[in-house]
Amino acid sequence: MKRMTALFLAIIMIACFTQVFTACNSEKTLNLLNWGDYLAPELKDEFKKRTGITIKEKPLTSNEEMMIQLEADDCPYDLCIPSDYAVERMIAEGRLAEIDHANIPNLQYIGERFLNLDFDPGNKYSIPYTWGVLGIIYNKTMVDEADLGSWDILWNEKYSQQIIMYDSIRDTMAAALRYCGYDINTENPDELKEAADALIAQRPLVKAYLTDDVKDSMIQGSGALALVYSGDAVWCTDPDEGNTDLGFFIPEEGSNIYFDNIVIPVNSSKKEMAEQFINFLLDPEIASINTEYVGYSSPNTAVLDLLDEWFVNNAAYNIPEEDTVNCVIFRDLGDKINLYNNEWDRIFK
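Residues numbered from 1 in each chain as written. Predicted model: local features only at pLDDT ≥ 70, side-chain atom pairs only at ≥ 80, totals over all residues. Heavy atoms only, no water.

S.K.: I tried to follow the sheet that holds strand β3 (residues 79-80) on my own but got confused; where do I start?
M.R.: Strand pairing in a sheet relies on backbone hydrogen bonds, with the paired strands running either antiparallel or parallel. In space, the three strands of this open sheet follow the order β2-β1-β3, with parallel pairing throughout. The open sheet is flanked by β2 (54-60) and β3, the only strands paired with a single partner. Relative to β2, strand β1 (residues 29-35) runs parallel, the two being bridged by seven bridges. The residue of β2 that forms the bridge with Thr 29 is Thr 54. (Pairing = 2+ DSSP bridges. Helix = DSSP H or I, 4+ residues; strand = E, 2+ residues; numbered from the N terminus.)

Spelled out as structure tokens, the structure:
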């Protein structure tokens, strides 16, 4: 489970060297738009050994940033990994190519519960990559066990200046909406105002609004509670590189269950090569290496049999299905997202 071995560092150096000296438009290069730390670096090297194809990544931090990148007429990307609601929007805008399932025989390993979801019926345009749930990570030495279980804990004055929120409109508004008893996809202005008011009232209790750096903050013990994705909780609780004083729970009121997916932009000229890489990622052994690196749960049904026992027993990774009963997928809100943006701006005035 130790990721930063000498071999691993060597692989990173090789991958970086390759990326620097390989032209973006090379016939043997696939350009991938991806989240940071969301693909095991050694897999790029392995794929190149098998196929001669170089994977060149550009990192990003939000689905909104990804969608802007793909709007360009000269979009250079051959693959990207958006979340469910972004897939829904990109399908509606005609930005994604249909995927030929005949070129992806490893699709057989994806569990039925992760296929044919509402944002892409039949998986015509997207293939499941990872999934998880938005929840709360906490430091067991700083938080009373009796306070766990509900979103209320993020508004508990006992933890003033020890609470870290996620700097993301949909995720943080989702926590506030569930705290107030509303649907995380609501378009009701009054409900959104109430959720924003709750976040304004919470501001004196909040130590910081962070993104990827929330993981380091919690590992270092600089916060008692944080709003995080379950995959980040896996990363934070890693016994080798994380903090074993940390725990994770999904609030009983329900939350967002999310699905990140591999898609091919419609203007990619390397569709078959892209499908070859997708099939490679769905190979159970490859998927197990990848999921141990990224920490996010795999929809690949064969992966659990190949993983370290720690992952199998970790409720932030192997999430019990009953814990997701009250969890829902984010919908694409279209122009209604402006209602969220306006309330978000009001929180920080």
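S.K.: Would you explain the pattern of salt bridges in this entry?
M.R.: If you walk through the whole model with that rule in mind, you get 14 salt bridges. As a salt-bridge pair, Arg 50 and Glu 46 come within 2.9 Å of each other at their nearest N and O atoms. Linking Arg 50 with Glu 46, this pair stays in helix α2 (residues 41-51), spanning four residues, or about one helical turn. By relative accessible area, which is 27% here, Glu 46 ends up partly exposed. (Salt bridge = Lys/Arg side-chain N within 4 Å of Asp/Glu carboxyl O. Buried < 20%, exposed > 50% of the residue type's maximum accessible area, 1.4 Å probe, protein only.)

S.K.: Please clarify how unusual backbone geometry should be interpreted in this entry.
M.R.: A negative phi angle is the norm for most residues apart from glycine, just as the trans form is the norm for most peptide bonds. The residue Asp 37 is not glycine, and still its phi comes out positive at about 55 degrees. Assignment of secondary structure puts Asp 37 in the loop between β1 and α2. Of note in the backbone geometry, Asn 116 takes a positive phi value of approximately 60 degrees without being a glycine. Mapped onto the elements, Asn 116 comes out in the loop between α4 (84-92) and β4 (127-139).

S.K.: Help me out: how do you make sense of the pairing of strand β5 (residues 163-166) in this one?
M.R.: Residues Ile 163 and Met 165 of β5 are buried on one face, and the alternating residues Ile 164 and Tyr 166, pointing to the opposite face, are buried as well. In this structure, β5 lies alongside strand β6 (residues 206-210), joined through four bridges in parallel fashion. Bridge pairing in β6 links Tyr 166 to Leu 210. Note: β5 against strand β7 (residues 225-229), two bridges, orientation parallel. Note that in β7 the partner of Ile 164 across the bridge is Ala 226.

S.K.: Honestly, the environment of Asp 78 in this entry has me stumped. Any pointers?
M.R.: For Asp 78, the position within the fold is in the loop between α3 (63-71) and β3. On a C-alpha basis, the gap between Asp 78 and Ser 269 in space is 7.5 Å, while along the polypeptide they are 191 residues apart. Leaving out residues up to four positions away in the same chain, Asp 78 has contacts with Thr 29, Leu 30, Asn 31, Val 263, Ile 264, Pro 265, Ser 268, Ser 269, Lys 270 and Ala 274. A polar atom in the side chain of Asp 78 sits 2.7 Å from the side chain of Ser 268. (Contact = heavy atoms within 4.5 Å. Polar contact = N/O pair within 3.5 Å; in protein donor to acceptor, adjacent residues only side chain to side chain.)

S.K.: Would you take a moment to explain the state of the cysteines for this structure?
M.R.: According to the stated counting rule, one finds zero disulfides in the structure shown. No disulfide involves Cys 80; its nearest neighbouring cysteine sulfur is the one of Cys 75, lying 7.5 Å away. In this structure Cys 180 is not part of a disulfide, and its nearest cysteine sulfur, from Cys 327, lies 17 Å away. (Disulfide = S-S within 2.5 Å.)

S.K.: Can you help me understand the environment of Asp 332 in this one?
M.R.: Along the chain, the position of Asp 332 falls in the loop between α11 (309-312) and α12 (337-347). Here the alpha-carbon distance between Asp 332 and Phe 119, two residues 213 residues apart in the chain, equals 8.7 Å. The contact partners of Asp 332, leaving out residues within four places of it in the chain, are Tyr 85, Glu 88 and Arg 89. Within polar-contact distance, the side chain of Asp 332 engages the side chain of Arg 89 at 3.0 Å. For Asp 332, the side chain forms a polar contact with the main-chain nitrogen of Gly 334, separated by 3.2 Å.

S.K.: What should I look at first to understand a negative patch on the surface in this one?
M.R.: There is a patch of like negative charges on the surface, built from Asp 37, Asp 212, Asp 213 and Asp 216. The exposure class of Asp 37 is exposed, given its relative accessible area of 53%. (Patch = residues over 30% accessible without salt bridge, like charges linked within 9 Å, V, L, I, M, F, W, Y side chains within 5 Å. Areas by Shrake-Rupley, 256 points an atom, 1.4 Å probe, with all protein chains shown as cover. Lys, Arg positive; Asp, Glu negative; His and termini not counted. Charge placed at Lys NZ, Arg CZ, Asp CG, Glu CD.)

S.K.: Is there a simple way to think about the packing of helix α6 (residues 189-202) against α12 in this case?
M.R.: Any two packed helices are characterised by how steeply their axes cross, that is the angle between the axes, and by the distance between the axes. For the pair α6 and α12, interaxial distance at closest approach is 9 Å and the crossing angle is 25 degrees. For the element pair α6 / α12, the angle class is roughly parallel. For the crossing formed where α6 meets α12, the hand is right-handed. Along its contact with α6, which presents Leu 192, Lys 193, Ala 196, Asp 197, Leu 199 and Ile 200, the element α12 presents Leu 339, Tyr 340, Glu 343, Arg 346 and Ile 347. Tallied by class, the residues present in the contact of α6 with α12 amount to seven nonpolar, no polar and four charged. (Axes fitted to C-alpha atoms, helices over the stretch in contact; angles between N-to-C directions. Parallel < 35°, antiparallel > 145°, perpendicular 65-115°, else oblique. Left-handed = near helix turned anticlockwise from the far one by under 90°. Nonpolar A, V, L, I, M, F, W, Y, C, P; charged D, E, K, R; others polar.)

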